[in-house]
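Okay, here's what each chain looks like letter by letter:
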Amino acid sequence: MLKDQLQSSTEALLTGKLPENNPAVPLINAVLALGCRLVQKRGIGDSKSADREARNYFAVALRARGNLAGAQAQASITAVQALVTMTIYLQAGGLQTATLALSLISTAVQHCLTLKLNRISSVRALASSQQEYQLLLRLFWVVYSLEKPLTMRLGRFSSIDDDLIDYSPRMAQPLSEDDTNGQSGLFLHFCEHAKLCSMVVKQLYGITKSRERRNEIQDMFHSLDTLLQSWKDQSGPIPTDADFSVPDRTTLQSSQSENNVELYLRWHELKVTIFHKGKPCVQSAREVLSQAHLLEPSATYSDWLIVQVPIMACCVLLIDIFSKDRSEDFRSNMAFLGMASGWLGRLATANRDSAHDIAFNKIMELIALAQQQCKV
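Residues numbered from 1 in each chain as written. Predicted model: local features only at pLDDT ≥ 70, side-chain atom pairs only at ≥ 80, totals over all residues. Heavy atoms only, no water.

Let's talk about the overall build of the protein chain
Part 1: Scanning the protein chain from terminus to terminus reveals 16 helices and 0 strands.
Part 2: Across the 376 residues that make up the protein chain, the buried fraction comes to 50%.
Part 3: A fraction of 72% describes how many contacts in the protein chain between residues 6 or more apart in sequence connect residues 24 or more apart.
Part 4: For the protein chain, the accessible area works out to roughly 18,800 Å², and carbon and sulfur atoms hold 53% of it. (Helix = DSSP H or I, 4+ residues; strand = E, 2+ residues; numbered from the N terminus. Buried < 20%, exposed > 50% of the residue type's maximum accessible area, 1.4 Å probe, protein only. Contact = heavy atoms within 4.5 Å. Areas by Shrake-Rupley, 256 points an atom, 1.4 Å probe, with all protein chains shown as cover.)

Following this line, the structure appears as structure tokens:
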């Protein structure tokens with residue numbers, strides 16, 4: 001659905017002329033929910049009112065979800081856009097919303113595959129204009145870049161077979177976007193990150209993994225790490241402490257600093273996923289915690305990367321301390337776990353209603369036990 005089509009559908013919805021089973025209904029409500037969330041994040045007007053309206057609009061969109069899934073649902077571009085918008089809205093949530101987000105984006109994948117948006121010939125056949133052609137190309141890769149990281153984080157296999165895609169995300173860039181430092185460059189970075197997530201899941205957890213010999217697995221680790229390093233280099237410089245030293249999460253929004261933080265955390269998330277344990281994994285965990293503690297969480301906003309990746313890093317260091325083959329300088333982990341304690345404390349205070357979702361007390365108990373272990 002293009003901009004003018006969305007506007008006309010919105011007018012029809014407001015006048016009661018849009019059927020309830022029209023996929024534009026959840027799309028419009030999801031867009032409104034996302035808009036309210038952006039208003040809330042930027043501190044414009046009453047934040048609580050914006051949050052309440054965002055939740056209400058999203059609830060309406062979610063109720064209309066039944067018209068987008070199931071055997072009776074007809075695959076359509078509008079349905080994909082609605083599911084993508086709802087998934088993006090849920091990216092602001094933590095682990096408890098990740099499962100719902102995966103369910104939504106998996107349905108979007110089903111629509112994409114039914115419409116064969118993974119094949120350039122099908123995209124050409126569906127598009128009635130150059131503008132719509134670019135929209136369809138970009139829409140598929142947005143679905144891809146949302147689904148692949150979610151499946152990796154939740155330990156699921158992707159529904160998208162990379163071998164059946166016959167065009168690259170570079171084709172999805174509008175012709176006027178040549179600046180790789182702009183939004184198009186960021187779009188490509190997220191697509192490349194999603195490809196790496198797909199590779200990690202396939203090579204580390206695929207059915208052939210158990211047949212690999214130890215040397216082959218080590219070679220695979222090295223190969224993935226090389227690709228990951230290449231992606232990090234293309235993504236630009238790692239943020240410095242100054243980039244992270246901001247008064248609150250709101251200041252980060254809609255800024256290059258926020259993009260740097262997200263790319264930084266995505267890189268370390270993949271690093272930890274690839275290595276699981278050992279020196280590279282521990283080093284990544286330390287780097288995350290050395291930076292993440294400088295962020296101030298918002299009382300009304302959190303997302304997977306800002307919340308879950310530091311928690312993941314904290315768990316990596318705890319495992320290193322308690323394991324038999326722990327690192328030689330395992331006692332150095334305590335300084336970083338101290339940073340984690342401060343971060344988790346601020347996070348729990350800012351999000352009192354959802355503090356139990358991050359197992360705050362359990363993690364603090366483990367940190368206390370780790371302190372005793374380091375004294376032995």
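What follows picks up the thread again.
Concerning the nonpolar core
Part 1: Ranked by internal contacts, the top residues of the largest apolar core, which has 50 residues, are Ile-105, Phe-140, Trp-141 and Val-143.
Part 2: Listed by contribution, the elements that provide at least two residues to this core are α2 (24-41), α3 (47-63), α4 (77-90), α5 (95-115), α6 (120-126), α7 (130-153) and α8 (183-205).
Part 3: Here this core gets 10 residues from one element, more than from any other, and that element is α7.
Part 4: Among residues more than four places away in sequence, those in contact with Trp-141 are Ile-165, Tyr-167, Ser-168, Pro-169, Ala-172, Phe-187, Cys-191 and Lys-195.
Part 5: Within the second largest apolar cluster, 41 residues are counted, among which are Leu-196, Val-288, Ile-306 and Cys-374. (Core = buried A, V, L, I, M, F, W, Y, C linked by side-chain atoms within 4.5 Å.)

A short note on the packing of aromatic side chains
Part 1: Under the criterion given, the structure shown has 5 aromatic pairs.
Part 2: Aromatic pair Phe-58 and Tyr-89: ring centres 4.4 Å apart, planes at 15 degrees, arrangement stacked. Highlighted residues: Phe-58 in helix α3 and Tyr-89 in helix α4, separated in sequence by 31 residues. Exposure class is identical for Phe-58 and Tyr-89. Each is buried. (Phe/Tyr/Trp six-rings, centres within 6.5 Å; stacked < 30°, edge-to-face > 60°.)

Things to note about the side chain of Thr-85
Part 1: Here Thr-85 shows up in helix α4.
Part 2: Within polar-contact distance, the side chain of Thr-85 engages the backbone oxygen of Gln-81 at 2.7 Å. (Polar contact = N/O pair within 3.5 Å; in protein donor to acceptor, adjacent residues only side chain to side chain.)

Here we look at the environment of Asp-161
Part 1: Positionally, Asp-161 belongs in the loop between α7 and α8.
Part 2: Since its relative accessible area comes to 37%, Asp-161 is described here as partly exposed.
Part 3: Linking Asp-161 and Asn-118, residues 43 residues apart in sequence, is a C-alpha distance of 9.3 Å.
Part 4: A distance of 3.0 Å separates a polar side-chain atom of Asp-161 from the backbone nitrogen of Asp-163.

A short note on α7
Part 1: For α7, built from 24 residues, the straight-helix expectation of 34 Å at 1.5 Å per residue is met to within 8% by its first-to-last C-alpha distance of 36 Å.
Part 2: With respect to burial, α7 is a largely interior element, 19 of its 24 residues being buried.
Part 3: Of the residues trailing α7, Gly-155 is marked for its positive phi of about 70 degrees. (Expected span 1.5 Å × (residues − 1).)

Focus on unusual backbone geometry
Trans is the common state for peptide bonds, and a negative phi is the common state for residues other than glycine.
Part 1: Look at Lys-116: it is not a glycine, yet its phi comes out positive at around 60 degrees.
Part 2: Summarising the element assignment, Lys-116 is placed in the loop between α5 and α6.

Quick word on the side chain of Thr-107
Part 1: Checked against the element boundaries, Thr-107 lands in helix α5.
Part 2: Classification of Thr-107 as buried rests on a relative accessible area of 9%.
Part 3: At a separation of 3.0 Å, a polar atom in the side chain of Thr-107 contacts the main-chain carbonyl oxygen of Ser-103.
Part 4: Those residues in contact with Thr-107 that lie beyond four places of it in its chain are Leu-68, Ala-69 and Leu-83.

Regarding the pattern of salt bridges
Part 1: Inspection of every chain in the model, using the stated rule, returns 7 salt bridges.
Part 2: Between Arg-55 and Asp-51 there is a salt bridge whose closest N-O contact spans 3.0 Å. Of this pair, Arg-55 and Asp-51 both sit in helix α3, 4 residues apart, roughly one helical turn.
Part 3: Judged by its relative accessible area of 52%, Arg-55 falls in the exposed class. (Salt bridge = Lys/Arg side-chain N within 4 Å of Asp/Glu carboxyl O.)

Looking at helix α13 (residues 279-292)
Part 1: In a regular helix each residue adds 1.5 Å, so 14 residues correspond to 20 Å; α13 covers 20 Å between its end C-alpha atoms and thus fits that length.
Part 2: Three or more residues of α13 are buried, namely Cys-281, Val-282, Ser-284, Ala-285, Arg-286, Val-288, Leu-289, Gln-291 and Ala-292.

Observations regarding the packing of α3 against α4
Part 1: As a packed pair, α3 and α4 sit with axes 11 Å apart at the nearest point and diverge in direction by 140 degrees. Considered as vectors, α3 and α4 are oriented oblique to each other. For α3 against α4, the interelement crossing comes out left-handed. Contacts from Ala-54, Arg-55, Phe-58, Ala-61 and Leu-62 of α3 reach α4 at Met-86, Tyr-89 and Leu-90.
Part 2: Of the residues belonging to the contact of α3 with α4, the class tally is 7 nonpolar, no polar and 1 charged. (Axes fitted to C-alpha atoms, helices over the stretch in contact; angles between N-to-C directions. Parallel < 35°, antiparallel > 145°, perpendicular 65-115°, else oblique. Left-handed = near helix turned anticlockwise from the far one by under 90°. Nonpolar A, V, L, I, M, F, W, Y, C, P; charged D, E, K, R; others polar.)

Some remarks on the environment of Gln-5
Part 1: Inspection of the secondary structure assignment puts Gln-5 in helix α1 (residues 3-14).
Part 2: Expressed as a C-alpha distance, the spacing of Gln-5 and Ala-24, which sit 19 residues apart in the sequence, is 9.6 Å.

Observations regarding a nonpolar patch on the surface
Part 1: Together, Phe-322, Leu-366 and Leu-369 make up a nonpolar patch on the protein surface, roughly 260 Å² of accessible area in all.
Part 2: Along the chain, Leu-366 falls in helix α16 (residues 360-375). (Patch = residues over 30% accessible without salt bridge, like charges linked within 9 Å, V, L, I, M, F, W, Y side chains within 5 Å.)

Examining the confidence of the model for the protein chain
Part 1: Scored by pLDDT, the protein chain comes out at a mean of 78, with 73% of its residues at no less than 70.
Part 2: Looking over the protein chain, one finds the lowest element-wise mean pLDDT in helix α11 (residues 249-252), namely 40, and the highest in α6, namely 94.
Part 3: Here residues 239-255 is modelled with pLDDT under 50, and outside its nearest four sequence neighbours on either side it reaches 39 contacts, counting other chains as well. (pLDDT = per-residue confidence, 0-100.)

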